[in-house]
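An overview of the molecular structure
Below, each chain spelled out in residue letters.
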Amino acid sequence: MALASSSLTTVSGFDPESIRGDFPILQTRLHASGDNPGVPLVYLDNAATTQRPRQVIQSLVDVYEKHYANVHRGIHWLSDQSTDLYEEAREKVRTFINAREREEVIFTHGTTESINCVARSWGDANVRAGDEVLLSEMEHHANLVPWYQLAERTGCKVRHLPITDDGRLVMDALPQVLSERTRLVGITAVSNVLGTINPLPEIIRQAHAAGAKVLVDAAQSVPHMATDVQSLDCDFLAFSGHKMLGPSGVGILYGKRALLEEMPPFLGGGSMIRRVRLDGFEPADLPAKFEAGTPPIVPAIGLGAAIDYINQIGLDAIHAHELLLTRRAHDVLEALDAGVRFLGPKPEEKAGIVSFTLKNVHAHDVAQLLDRAGVAVRAGHHCTMPLHKRLSCTSSSRASFYFYNTLGEVETFGRALGDALRIFKRK
Ligand code: PMP
């Protein structure tokens, strides 16, 4: 089958080939031995974690070589240096998501911790037996389990907004599942399996009209499309550095200042206190109140460097290029004529995530055979067991893109999959 529907082949002014030179790991060849030069790495597992450019790696080396000390403790020069860099990184995050104030940007260790912080701290203080928390059927386990734990502690009820067979929220059902009992709506901006881009403004509008707060799981959206927490008007937003060129071990919790001020601290220890006595403590002001212990100093500074890099490329170009890759991936998969079933909507309605099943071939076998050809994809339930159950499958294969992927890599992926399927047919 001709790949005619992907007529556009480039985004003007955007050249992934030259960008790739910044990413040392993308020069890797796999399975080399003796005279065999091996195959180039085709990294299509970006929804799990992205790779880092030299500029981000160098920022980490620079801190360790020239500026490293613990932050906010210093009465010495080096500590002032690392504190300045750490706070500069906070300011970069603030600008990137357009938060009103730096106190609304909390460094955590990742999306999972950010959501747990809200479920524990805000949830325990505000949710009672008989109250409801509304999630969706497409949430990652990180935006399910903390709320189930809250339900165990408080007796509240967790409800789910259903999805359609092609992986979009059933928005018509929202008024029925929202009520005056709903205390919080927890919703992913982009599904890590379906790629679906959810209509956040409408969800937030309806949730607020019902008196509920809204937490957005933005792990899969912040790295790929512009985020403006003020115009969204979400109450909380969570994302991870490692999915946007940054180091692992750092994430962000954005919260509206008034809410964060009222919330008790999540973790207790050093740095989050104003005063400790033998009979108690007073918490520190924001953002320190939610940054107990030594924070992820160097990862946070690296995240700042990652934001600089992404800004230089531009989120509009990133989104447009990923759409090209997604369209092409749909085309090459359909051309295989192998009973492909896409999990999720059409390319135009989603981010750069293509999950699929093939008739009579297990997702793990797909991933293993692709790996032989150097192609890294993810197989399994992708931390969304309820979503896979809803779609009547136990696992799927997932190719997920970032701006450094090329159309040539998508072709390699298609060819490798075709070869793998021929192996299966012979068996
Ligand atoms: N939510 C979504 C939508 C995700 O894709 C992920 C990562 N797979 C998470 C939450 C959890 O992120 P982390 O593991 O960085 O805490």
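As a starting point, this report considers the structure included with it. Everything numeric here is computed off the predicted structure, so don't read it as measured data. (Residues numbered from 1 in each chain as written. Predicted model: local features only at pLDDT ≥ 70, side-chain atom pairs only at ≥ 80, totals over all residues. Heavy atoms only, no water.)

1. Points about the overall build of the protein chain
Counting its regular elements, the protein chain contains 14 helices and 17 strands. Principal axes of the C-alpha set define a box for the protein chain whose edges measure 75 × 55 × 40 Å. Looking at the protein chain as a whole, 56% of its 427 residues qualify as buried. In the protein chain, once contacts between residues fewer than 6 apart in sequence are set aside, the share between residues at least 24 apart is 71%. For the protein chain, the exposed area adds up to about 18,000 Å²; of that, 52% sits on carbon and sulfur atoms. Distance between charge centres in the protein chain, computed from 44 positive and 50 negative side chains, equals 5 Å. (Helix = DSSP H or I, 4+ residues; strand = E, 2+ residues; numbered from the N terminus. Buried < 20%, exposed > 50% of the residue type's maximum accessible area, 1.4 Å probe, protein only. Contact = heavy atoms within 4.5 Å. Areas by Shrake-Rupley, 256 points an atom, 1.4 Å probe, with all protein chains shown as cover. Lys, Arg positive; Asp, Glu negative; His and termini not counted. Charge placed at Lys NZ, Arg CZ, Asp CG, Glu CD.)

2. Quick word on the pattern of salt bridges
Oppositely charged side chains can form a pair if their charged atoms are brought close together. Counted by the stated rule, this structure contains 33 salt bridges. Where arginine 90 meets glutamate 291, a salt bridge forms, and the shortest distance between an N and an O atom there is 2.8 Å. Taken together, the positions of arginine 90 in helix 3 (residues 77-97) and glutamate 291 in the loop between strand 12 (280-283) and helix 10 (297-313) put the pair 201 residues apart, joining distant regions of the chain. Owing to a relative accessible area of 1%, arginine 90 belongs among the buried residues under this scheme. Assessed through its relative accessible area of 7%, glutamate 291 is described here as buried. Residue glutamate 103 is joined to arginine 102 by a salt bridge in which the shortest nitrogen-to-oxygen separation is 3.4 Å. For arginine 102, a relative accessible area of 32% corresponds to the partly exposed category. Each of the salt bridges in this network shares a partner with another, and the network as a whole consists of Glu87, Arg90, Glu101, Arg102, Glu103, Arg257, Glu261 and Glu291. (Salt bridge = Lys/Arg side-chain N within 4 Å of Asp/Glu carboxyl O.)

3. Considering the layout of surface pockets
In this approach, a probe sized like a water molecule rolls over the atoms, and the result shows the empty space that is left. If you add up the space inside the largest pocket, you get close to 290 Å³. Residue lining of the largest pocket: 22 residues in total, with Ala47, His140, Ala219, Gln220 and Lys243 positioned closest to the centre. Taken as a whole, the second largest pocket spans an internal volume of roughly 190 Å³. Every residue along the wall of the second largest pocket is listed here: Val71, His72, Arg73, Glu87, Arg90, Arg102, Ser271, Pro287, Ala288, Glu291, Gly293 and Pro295. Partitioned by chemical class, the residues of the lining of the second largest pocket number 4 nonpolar, 3 polar and 5 charged. (1 Å grid on protein atoms, 1.4 Å probe; cavity = no way out; pocket = protein on both sides within 12 Å on 5 of 7 lines; lining within 4 Å. Points joined across faces, edges and corners; volume = space filled by probe spheres on them. Nonpolar A, V, L, I, M, F, W, Y, C, P; charged D, E, K, R; others polar.)

4. So, the side chain of serine 240
Looking at where serine 240 falls in the secondary structure, it is placed in strand 9 (residues 236-240). Within the structure, serine 240 has its side chain in polar contact with the side chain of threonine 111 (distance 2.5 Å). (Polar contact = N/O pair within 3.5 Å; in protein donor to acceptor, adjacent residues only side chain to side chain.)

5. A closer look at the site of the ligand
Contacts to the ligand come from 13 residues, most closely from Thr112, Asp217, Gln220, Ser240 and Lys243. Threonine 111 is positioned such that a nitrogen or oxygen atom in its backbone is 3.4 Å from an oxygen atom of the ligand. More than half of the atoms belonging to the ligand lie within 2 Å of the grid points that define the largest pocket. For the shell around the ligand, the per-class residue count stands at 2 nonpolar, 9 polar and 2 charged. (Near = heavy atom within 4 Å. Sits in = over half its atoms within 2 Å of the grid points.)

6. Focus on the sheet that holds strand 4 (residues 105-108)
If you trace the 7 strands from one edge of the open sheet to the other, you get 4-10-9-8-7-5-6, paired in mixed fashion. The open sheet has two edge strands with one neighbour each: strand 4 and strand 6 (157-161). On average, adjacent strands in this sheet sit at an angle of 20° to one another, irrespective of strand direction. Where strand 9 meets strand 10 (residues 251-255), 5 bridges bridge the pair, whose relative direction is antiparallel. (Pairing = 2+ DSSP bridges. Axes fitted to C-alpha atoms, helices over the stretch in contact; angles between N-to-C directions.)

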